[in-house]
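Next come the chains, spelled out residue by residue.
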Amino acid sequence: HNMDEVTRLGIKIGDYVSLEKGGDVIPKVTAALTEKRTGEEKEIPFPEKCPVCHHELVREDVAFRCVNPECTGTARGALRHFTARNAMDIRGFGESLIDRLMDLGMLKTPADIYTMNYDALRTMDGLGDKSVDNLTAAVEASKDKPFEKVLFAVGLPSVGVRTAEILAQEFGSIEKLKAATPDELTAVYSIGGLVAKDITEALQQPKYINLIDALKKAGLRFEAEKKESGGIFEGQTFLITGTLSRPRAEFEELIKNLGGKIASGVSKNLSYLIAGEKAGSKLDKANKLGVRVLSEDELLDMAKRG
């Protein structure tokens, strides 16, 4: 939890706490059980300095961040994020290899992944010709990832998987996104003022400007593929909750192929909520807001008509 929530709940180290399901899955601490305290509980200290580089931390909204551009801790985090399965999905670039290559000075930023001398890895312990060949093939394959995956992988503040998809759909290229004003960003469905501020400020920082330029030179995609418009779901937004008969990603792909957009949360502007089994708080909120709720079969019937 963030500092404000820990303070609000009065939670201490050593406490027993009550938990409930927050949303569909994530456990949420709702209270400290003060009647179980023994007197040995301790206040939770909040960090003042980065545990890696010891630079003073800066509080941004609810998060504490290290803003030292030379911090190896944030660099490692950026590399792990970039190579992750839901980002560039570069198989073989696990945490241990990233740490080894950083310690050797061969890897500093995600852009180095595309310029590194991979032949030098063939003699490293635990690696060999086959491992290195697989790694270089995965690196090469990552160049075909769509714009929304690349945008998420870059690691802009406040840009998660869904926000990256929305931004890629709305703006179509990194150049148009960089040129967008905060007002133009907040006009996009589900993009709030704080997220818009984070995005516009980040895209003016040398750290992100240089990274994007280097990744462009490496051949990564910073433009969305143009899709034919006019699908049956054109101009409509969907959100899926609960358990369906097939992976959620399949239904989301179906919706997008028919012109629809996937929302990041329930709001009065949502067109449809697709509710599967064990739908939780999203279903309750949709009903309160008067959002139309569809079953899986109803969605598929609509899609067939398209």
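Here, every reference points to the structure presented above.
Residues numbered from 1 in each chain as written. Predicted model: local features only at pLDDT ≥ 70, side-chain atom pairs only at ≥ 80, totals over all residues. Heavy atoms only, no water.

Within the protein, the secondary structure is distributed over 13 helices and 10 strands. The principal-axis extent of the C-alpha atoms belonging to the protein is close to 65 × 60 × 40 Å. Counting all 306 residues of the protein, 36% fall into the buried class. When the accessible area of the protein is evaluated, it comes to approximately 17700 Å², of which 49% is carbon and sulfur surface. (Helix = DSSP H or I, 4+ residues; strand = E, 2+ residues; numbered from the N terminus. Buried < 20%, exposed > 50% of the residue type's maximum accessible area, 1.4 Å probe, protein only. Areas by Shrake-Rupley, 256 points an atom, 1.4 Å probe, with all protein chains shown as cover.)

What follows is about the sheet that holds strand β9 (residues 272-275). In spatial order, the strands read β8-β7-β9-β10; together these 4 strands make up an open sheet with parallel pairing. Whereas interior strands pair on both sides, the edge strands pair on one side only; in this sheet they are β8 (261-262) and β10 (292-294). As paired strands, strand β7 (residues 237-241) and β8 are joined by 2 bridges and run parallel to one another. For T237, the partnering residue across the bridge sits in β8 and is K261. (Pairing = 2+ DSSP bridges.)

As a further point, take helix α2 (residues 72-83). Across its 12 residues, α2 extends 16 Å between first and last C-alpha, which sits within 8% of the 16 Å expected from 1.5 Å per residue. Turning to α2, its buried residues number three or more, namely A75, R76, L79, F82 and T83. An end-on view of α2 places all buried positions within 130° of arc, on one side of the element. Looking at the buried residues of α2, the elements they touch are α3 (95-103), α5 (147-154) and α10 (206-217). (Expected span 1.5 Å × (residues − 1). Arc of directions from axis to C-beta. Contact = heavy atoms within 4.5 Å.)

Next up on the list: helix α6 (residues 161-171). Because the α-helix completes a turn every 3.6 residues, residues three or four places apart line up on one side. Along α6, the residues that are buried comprise T163, A164, E165, I166, L167, A168 and F171. Elements in contact with the buried residues of α6: α5, α7 (174-179), α8 (182-186), α9 (193-202), α11 (248-257) and β8. Just downstream of α6, G172 is the residue with a positive phi angle, here 80°.

A separate point is the side chain of R76. Considering the arrangement of structural elements, one finds R76 in helix α2. Those residues in contact with R76 that lie beyond four places of it in its chain are D99, M102 and D103.

Here we take up the packing of α2 against α3. Two numbers describe how α2 lies on α3: the axes approach to 10 Å, and their chain directions differ by 135°. The pairing of α2 with α3 is recorded here as oblique in orientation. Viewed along their axes, α2 and α3 form a crossing whose handedness is right-handed. Between α2 and α3, the residues in contact are T72, A75, R76, L79, R80 and T83 and E95, I98, D99, M102 and D103, respectively. Classifying every residue of the contact of α2 with α3 gives 4 nonpolar, 2 polar and 5 charged. (Axes fitted to C-alpha atoms, helices over the stretch in contact; angles between N-to-C directions. Parallel < 35°, antiparallel > 145°, perpendicular 65-115°, else oblique. Left-handed = near helix turned anticlockwise from the far one by under 90°. Nonpolar A, V, L, I, M, F, W, Y, C, P; charged D, E, K, R; others polar.)

Here we come to the pattern of salt bridges. Two side chains that carry opposite charge are able to pair once their charged atoms sit near each other. Under the counting rule described, the total for this entry stands at 25 salt bridges. In this structure, E20 engages K28 in a salt bridge whose closest nitrogen and oxygen atoms are separated by 3.9 Å. The class of E20 is partly exposed, set by a relative accessible area of 43%. A relative accessible area of 35% places K28 in the partly exposed class. The salt bridge partner of D99 is R80, with a shortest N-O separation of 3.0 Å. (Salt bridge = Lys/Arg side-chain N within 4 Å of Asp/Glu carboxyl O.)

Next up on the list: the nonpolar core. It is characteristic of soluble globular proteins that their nonpolar side chains tend to be buried jointly. One finds F93, I113 and Y114 to be the most contacted residues of the largest nonpolar core, which totals 53 residues. At the level of elements, α2, α3, α4 (129-142), α5, α6, α7, α9 and α10 are the ones that each hand at least two residues to this core. Counting residues per element, this core draws most heavily on α5, which supplies 6 residues. Aside from chain neighbours lying at most four places away, what touches F93 is T83, I98, L101, L107, I113, M116, Y118, L135 and V139. Residues I240, L258, I262 and L294 belong to the second largest nonpolar core, which totals 14 residues. (Core = buried A, V, L, I, M, F, W, Y, C linked by side-chain atoms within 4.5 Å.)

Close contact between α11 and helix α13 (residues 296-305) brings their axes to 11 Å; oriented N to C, the two are set at 30°. With respect to their mutual orientation, α11 and α13 come out roughly parallel. As for the relative orientation of α11 and α13, their crossing is left-handed in sense. Two secondary-structure elements touch here, α11 through F251, L254 and I255 and α13 through E296, L299, L300 and A303. Of the residues that constitute the contact of α11 with α13, the class distribution is 6 nonpolar, no polar and 1 charged.

Attention now moves to the packing of aromatic side chains. For any pair of aromatic rings, the description consists of the separation of the ring centres together with the inter-plane angle of the planes. As enumerated under the stated definition, the model contains 4 aromatic pairs in all. Ring geometry for F82 versus Y114: centroids 6.3 Å apart, planes at 80°, classification edge-to-face. With F82 in helix α2 and Y114 in the loop between α3 and α4, this residue pair connects regions lying 32 residues apart in the sequence. Each of the two residues, F82 as well as Y114, counts as buried. Ring geometry for F233 versus F238: centroids 4.7 Å apart, planes at 55°, classification tilted. The buried category is assigned to F233, whose relative accessible area is 1%. Under the relative-accessibility criterion, F238 is labelled buried at 0%. Pairwise contacts between aromatic rings join F233, F238 and Y272 into one cluster. (Phe/Tyr/Trp six-rings, centres within 6.5 Å; stacked < 30°, edge-to-face > 60°.)

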